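# A structural walkthrough
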Amino acid sequence: MIAAGIDAGAATTKAVILKDNALEGYKISPTGFDFLKASKDVYRDALKSAGLKSRDVEMVWATGYGKNSVKFAPGTVSEITAHARGVNFLFPDAQGIIDIGGQDSKVILLEKGRVIDFLMNDKCAAGTGKFLEYTARALEVPIDGLGELALLSKNPASISSMCTVFAESEVISLRAKEFSKEDIAAGLVLSIAQRVAVMAKRVGLRRNIILVGGVAKNAGIKAALEKEVGTELRVPFEPQITGALGAALYKR
Amino acid sequence: MTCELKSLKRLNGAYEERIGQLVRNRKKGKKVVGTFCLYVPDEIIFAAGVDRIILCGGRNDTIPAAEEYLPRNVCPLVKSSFGAVVSKDCEGSCACPHFALVDMIVAEATCDAKKKMYELLGEHVPTYVLDLPQKPDSPEALQYFKGELEKFKETMERLTGNRITDVRLRKEIKRSNETRRLFMRLYELRRTDPPPIKGSDVLKILQKQFFLSPDKLQKTLRKVCDEAEGIKTSSGHGPRIMLSGCPMAGGNTKVPDIIEARGGTIVAEESCTGTRSFENLADEDKGPMAALAERYIKIPCACMTPNDRRVDSIIEMAGQFRVDGVVYYTLQSCHGYNIERYKVQQVLRKAGIPMLAIETDYSDSDVEQIGIRVDAFLEMLQ
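Residues numbered from 1 in each chain as written. Chains lettered and ligands numbered in written order. Predicted model: local features only at pLDDT ≥ 70, side-chain atom pairs only at ≥ 80, totals over all residues.

### Thoughts on the domain arrangement of chain A
Reports often express the size of an interface as the amount of accessible area lost when the parts come together. Residues and elements named next belong to chain A. Considered domain by domain, chain A is made up of domain 1 (2-83 + 241-250) and domain 2 (93-235). For domain 1 and domain 2, the distance between their C-alpha centres works out to 26 Å. Contact with domain 1, which involves eight residues of that partner, is made by twelve residues of domain 2. A class-by-class count of the residues in the side of domain 1 that touches domain 2 yields three nonpolar, five polar and no charged. (Domains from an automatic or database assignment. Contact = placed C-beta atoms within 7 Å. Nonpolar A, V, L, I, M, F, W, Y, C, P; charged D, E, K, R; others polar.)

### Considerations on the pairing of strand S6 (residues 265-270) of chain B
All names here are of chain B. Burial runs high along S6: six of the six residues are buried. When strand S5 (residues 240-245) meets S6, the two strands line up parallel, connected through five bridges. From the neighbouring strand, Arg240 faces S6, where its bridge partner is Thr265. The handedness of the S5 to S6 crossover, carried by helix H11 (residues 254-261), is right-handed. (Buried ≥ 20, exposed ≤ 12 C-beta atoms within 10 Å, placed from the backbone. Helix = DSSP H or I, 4+ residues; strand = E, 2+ residues; numbered from the N terminus. Pairing = 2+ DSSP bridges. Right-handed = clockwise from strand over helix to strand, strands pointing away.)

### A look at helix H2 (residues 79-90) of chain A
Residues and elements named next belong to chain A. With twelve residues, H2 extends 17 Å between its outermost C-alpha atoms, agreeing within 8% with the 16 Å of an ideal straight helix rising 1.5 Å per residue. Counting buried residues along H2, ten of its twelve residues qualify, which places the element largely inside the surrounding structure. For H2, the set of buried residues is Glu79, Ile80, Thr81, Ala82, His83, Ala84, Arg85, Gly86, Val87 and Asn88. (Expected span 1.5 Å × (residues − 1).)

### Notes on the interface of chain B and chain A
Every contact between the two is made by nine residues of chain B and, on the other side, eleven residues of chain A. Broken down by class, the residue content of the side of chain B that touches chain A amounts to four nonpolar, one polar and four charged.

### Considerations on the nonpolar core
Core analysis: the biggest nonpolar cluster contains 164 residues, and Ile98, Val189 and Leu225 of chain A together with Met242 and Val327 of chain B have the highest contact counts within it. At eleven residues, the largest contribution of residues to this core is made by helix H6 (residues 181-203) of chain A. Filtering out sequence-adjacent residues up to four positions away, Val327 of chain B remains in contact with Ile241, Leu243, Val255, Ile259, Leu356 and Ile358 of chain B. Formed by 32 residues, the second largest nonpolar core is a distinct cluster that contains Trp61, Tyr65, Ala73 and Leu245 of chain A. (Core = buried A, V, L, I, M, F, W, Y, C linked by C-beta atoms within 7 Å.)

### Remarks on the pairing of strand S9 (residues 209-212) of chain A
Residue and element names in this part refer to chain A. Taking every second residue as pointing to the same face, both faces of S9 are buried, with Ile209 and Leu211 on one and Ile210 and Val212 on the other. Where strand S6 (residues 96-100) lies against S9, four bridges are found, and the strand directions are parallel. Counterpart to Asp99 in the pairing with S9 is Val212. Sheet topology note: the S9/strand S10 (residues 233-234) ladder contains two bridges and is parallel. By the bridge assignment, Ile210 is partnered in S10 with Arg234. Following the chain from S9 across helix H7 (residues 219-229) to the adjacent parallel S10, one finds a crossover that is right-handed.

Below, the structure written as structure tokens:
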């Protein structure tokens, strides 16, 4: 059976094409303003990468913040359930998920692939990709370089502000105090790692944790998170598509 | 699927009707008090020949006016209630006239935000504060509370010039108990699977229980129970959800609306707009003031310590109503209920009952985000 999953996320839209148990193609693209247009575009490109036509697809399912805008999908599933399915497909022994997305972060506790409990932070940019994006800007480093830079620090600065906007001004005042870029970067990474680790502990994540979302690609942040959570985190080969993958699997 | 009951149409126009009734009766010399809390015994008010309406604010639009006086990070119920008093532009707002209707506010020493708000309120409307012992489980606390109720009784007597006799108190206890029994009968019906009445419809009645006259409330409850008892429900419904936590004052149906729109079936509310308002009867055979003190001091509010009675009742209700999951609902900055969440979560975990915590205010800004959590929670329960 050929199935497709669309994850219409707040920052990026993802599409996955699945043929039985094999990933045939996928596409990740910035969402922009229009959820429907973004989802149509990634779907088309994912089909192209799979060498398939939309008529070959027997089922399309949507998830993500803009899931209801994906008009060509007959049904939707919540992001939490979708990530759980996707992660369980890739790591059957997973007992927890940490997802740091562009505008939210979530932690999910799993038992035999089922969601037992979860926590979401989506009311505040603290602990999300947005936090890194803003603060990296104040440091004048590309967001992808923030984690690597942090790894070079010997004496991380202390960032006490939880608010993204105020953290940005805190960065500026740390620069005025002549802290090195590395130390400020390390402070920022530590701040987000601590924030997410608190959520993980509250829900009861202990071991066999999978880290997903765009931020998972950042080695420095992964290392900081592992230290704070106190266990190794595994990252899928493409950590941004587990939601779309779960959507494709949902009605199978 | 449960549809709206015909008997609920009785509540259409009930608001205007009640305001009219209070205005007319006040012209004739009847006193009206405004209340904010379950701890204030209706029986003492009515026994003095006084009428009452509840003044808890559930509307978002009165909050900006309140924020000129109160800090932003205060509970929305407190801000909304206070805003209704100080709103300069009363026209078109149906919250404001309530305060113009009352001769006195009967407040109570529950949470800090309310206590301090009442001090400010007193500058606008005469305000009496009923004190509450904060450790309610000791004999001394009961004794103290009895004394406070006596003082409250005297206050009502002074307000009206009427004497509150035991005979009148007994009559009012019987009447309030009858209302409580009717609510119990309504809740009994919700134990069936699926229940014959929607949670949001029950909430409509609960939110008006201290607003309507007792007679109107009882008549409505009887009709609703009669109709609901005759309904044969069919299967095909979402997970059974119990709401537990902060009150949902009139005008605030945000979270229950989201839960039902996403396919959840609300079967019980452990809340001031829920079982806390009617769960214990007052003893009709005892001395009436002692009976009232004993009944009211048992209300398990999160401003009390310890408050194990509440945790126990959540577990008991989860069994009685066969709930699949609990939505722990709190208002922002409500420290009591927000902190008590931890205890409730632990006990529910032990019992194998999933819980979703939602902390929110009266604005619409987070409706979609709450919706995502509710979707995921309902999927988790299926």
